[in-house]
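Single-letter residue listing:
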Amino acid sequence: MTYETILYEVADGVATITLNRPSKLNAFNDAMIGETLDALKAAARDDAARSIVLTGAGRAFSSGQDLAAFQERGEGGSIAEHLRHGYHRVVRQMVTLEKPIVGAINGIAAGAGCGVALAADMRIAADSASFMLAFSRIGLIPDSGVNWFLPRIIGYSRAYEMAVTADRVSAATALEWGLVNRVVPAEQLPEIAAAVARQLAEGPTLAFGLTKRAMQRGWGMSLDEALEYEAYLQEVAGRSADNREGIAAFLEKRPPNFTGR
Ligand code: T3D
């Protein structure tokens with residue numbers, strides 16, 4: 001597929017989406033929001049894509065909303081409508097897409113770029129990466145799901161401090177806070193993220209998708225509701241070819257050949 005503001009390719013079971021406006025630190029204009037959403041939908045539909053890598057070209061992951069485009073919209077434009085029609089759809093698509101999404105955070109993730117990074121299921125960061133809630137520097141509040149994701153991931157006080165100071169949080173601190181799963185040397189990030197995604201793509205991806213659904217929906221449930229929902233989803237996983245293959249492989253003392261079905 002050919003896009004203007006992102007790159008998209010599927011290889012070895014992995015769809016890789018690269019935000020590609022490096023001269024603007026991959027700031028999101030409307031075209032990039034639309035193309036990212038389109039690529040996520042394509043990856044969701046494509047049986048050849050069993051996991052996804054989301055990364056940025058150049059020295060940034062994304063600097064968030066393109067502020068020149070924001071200014072061009074002028075005071076007549078509704079920010080709420082822009083969020084609803086843009087970032088909300090991207091974030092919802094990421095969270096409901098039942099394939100693992102690895103955020104390969106290659107540089108700064110600021111503003112809505114941080115929100116998109118947080119919507120990934122796991123984050124592997126370059127040692128040069130950082131996270132910044134740039135919103136308050138321009139008199140805005142965090143958006144794009146940041147107020148929902150970040151306190152859940154790192155706790156309220158750290159999240160609130162990040163929001164009001166707009167300080168950059170280094171990759172090392174992000175690791176200490178549980179904001180990223182792993183920090184790797186910058187030059188090795190593409191290769192390591194691809195290897196992690198390939199490994200996921202070879203796994204029981206139906207179960208991985210159902211696990212995502214159980215955990216995401218579980219946030220809003222009581223324990224009793226979550227236990228019941230787990231049982232329902234386990235019934236689905238238990239009827240899969242991957243479940244039969246996993247058990248047969250264990251008993252036959254051989255590696256499983258999962259197909260995601
Ligand atoms: O509309 C809605 O729906 C509301 C939604 C809002 C969501 C948001 O994301 S609000 C927050 C928006 N983002 C920001 O406020 C961050 C702005 N950028 C920065 O603060 C800095 O660029 C960074 C801290 C991210 C990086 O700093 P530095 O010194 O490494 O790079 P730089 O020199 O500032 O940027 C390099 C170029 O990218 C530069 O362009 P130039 O001068 O070389 O032509 C710069 O203008 C451009 N750039 C960086 N970020 C943005 C941007 N251009 C437009 N929009 C940006 N967000």
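The structure under discussion appears in the preceding block.
Residues numbered from 1 in each chain as written. Predicted model: local features only at pLDDT ≥ 70, side-chain atom pairs only at ≥ 80, totals over all residues. Heavy atoms only, no water.

Draft legend 1. Here's a closer look at the pattern of salt bridges. Across all of its chains, the model carries seven salt bridges by this definition. Between Arg 84 and Glu 81 there is a salt bridge, and its shortest N-O distance comes to 2.4 Å. Here Glu 81 and Arg 84 lie together in helix α3 (residues 79-85), a separation of three residues that amounts to about one turn. In this structure Arg 84 comes out as partly exposed when scored by relative accessible area, which is 45%. Using a relative accessible area of 35% as the deciding quantity, one classes Glu 81 as partly exposed. In this structure, Asp 121 and Lys 212 form a salt bridge, with 2.9 Å as the shortest nitrogen-oxygen distance. With a gap of 91 residues between them, Asp 121 in the loop between α5 (112-118) and β7 (122-126) and Lys 212 in helix α10 (residues 205-218) connect regions that are remote in the sequence. On the basis of relative accessibility, which here comes to 30%, the residue Asp 121 falls in the partly exposed class. Overall, Lys 212 belongs to the buried group, its relative accessible area being 8%. Each of Glu 245, Glu 252 and Arg 254 takes part in one network of salt bridges that share partners. (Salt bridge = Lys/Arg side-chain N within 4 Å of Asp/Glu carboxyl O. Helix = DSSP H or I, 4+ residues; strand = E, 2+ residues; numbered from the N terminus. Buried < 20%, exposed > 50% of the residue type's maximum accessible area, 1.4 Å probe, protein only.)

Draft legend 2. Up close: helix α11 (residues 223-238). Spanning 16 residues, α11 covers 22 Å between terminal C-alpha atoms, matching the ideal 22 Å at 1.5 Å per step. Inspection of α11 places Tyr 229, Leu 233 and Ala 237 among the buried residues, and these make up the whole buried set. One side of α11 carries all its buried residues, which in axial view fall inside an arc of 85°. Opposite the packed face of α11, turned more than 90 degrees from it, sit the exposed residues Asp 224, Glu 228 and Gln 234. On its buried side, α11 packs onto α10 and α12 (241-251). (Expected span 1.5 Å × (residues − 1). Arc of directions from axis to C-beta. Contact = heavy atoms within 4.5 Å.)

Draft legend 3. Seen up close, unusual backbone geometry. The backbone of Ser 144 sits at a positive phi, close to 55°, despite the residue not being glycine. With respect to the helices and strands, the residue Ser 144 is situated in the loop between β8 (130-132) and α6 (146-154). For Ser 144, a relative accessible area of 3% corresponds to the buried category. Despite not being glycine, Lys 253 shows a phi value in the positive range, around 55°. Structurally, Lys 253 is set in the segment after α12.

Draft legend 4. Quick peek at the nonpolar core. Ranked by size, the top nonpolar core spans 53 residues in total, and within it Met 94, Phe 131 and Leu 150 carry the most contacts. The element that contributes the greatest number of residues to this core is helix α1 (residues 30-45), accounting for seven residues. Core analysis: the second largest hydrophobic core is formed by 13 residues, Val 14, Ala 126, Val 184 and Val 196 among them. (Core = buried A, V, L, I, M, F, W, Y, C linked by side-chain atoms within 4.5 Å.)

Draft legend 5. Inspection of the site of the ligand at higher detail. In the vicinity of the ligand there are 25 residues, among which Arg 59, Gln 65, Arg 73, His 82 and Ala 112 approach most closely. Here an oxygen atom of the ligand and a side-chain polar atom of His 82 are 2.7 Å apart. Sorting the residues of the shell around the ligand by element identifies α2 (67-73) and α3 as the ones contributing at least two each. Broken down by class, the residue content of the shell around the ligand amounts to 13 nonpolar, six polar and six charged. (Near = heavy atom within 4 Å. Polar contact = N/O pair within 3.5 Å; in protein donor to acceptor, adjacent residues only side chain to side chain. Nonpolar A, V, L, I, M, F, W, Y, C, P; charged D, E, K, R; others polar.)

Draft legend 6. The arrangement of the sheet that holds strand β10 (residues 182-184) in detail. The strand order across the open sheet built from six strands is β1-β2-β3-β5-β7-β10, with neighbouring strands paired in mixed fashion. Unpaired on one side and paired on the other, β1 (6-11) and β10 mark the two borders of the sheet. Taking the axes of each pair of neighbouring strands and ignoring which way they run, one obtains an average angle of 20° across the sheet. Here four bridges tie strand β3 (residues 51-56) to strand β5 (residues 101-105), and the two strands are oriented parallel to one another. (Pairing = 2+ DSSP bridges. Axes fitted to C-alpha atoms, helices over the stretch in contact; angles between N-to-C directions.)

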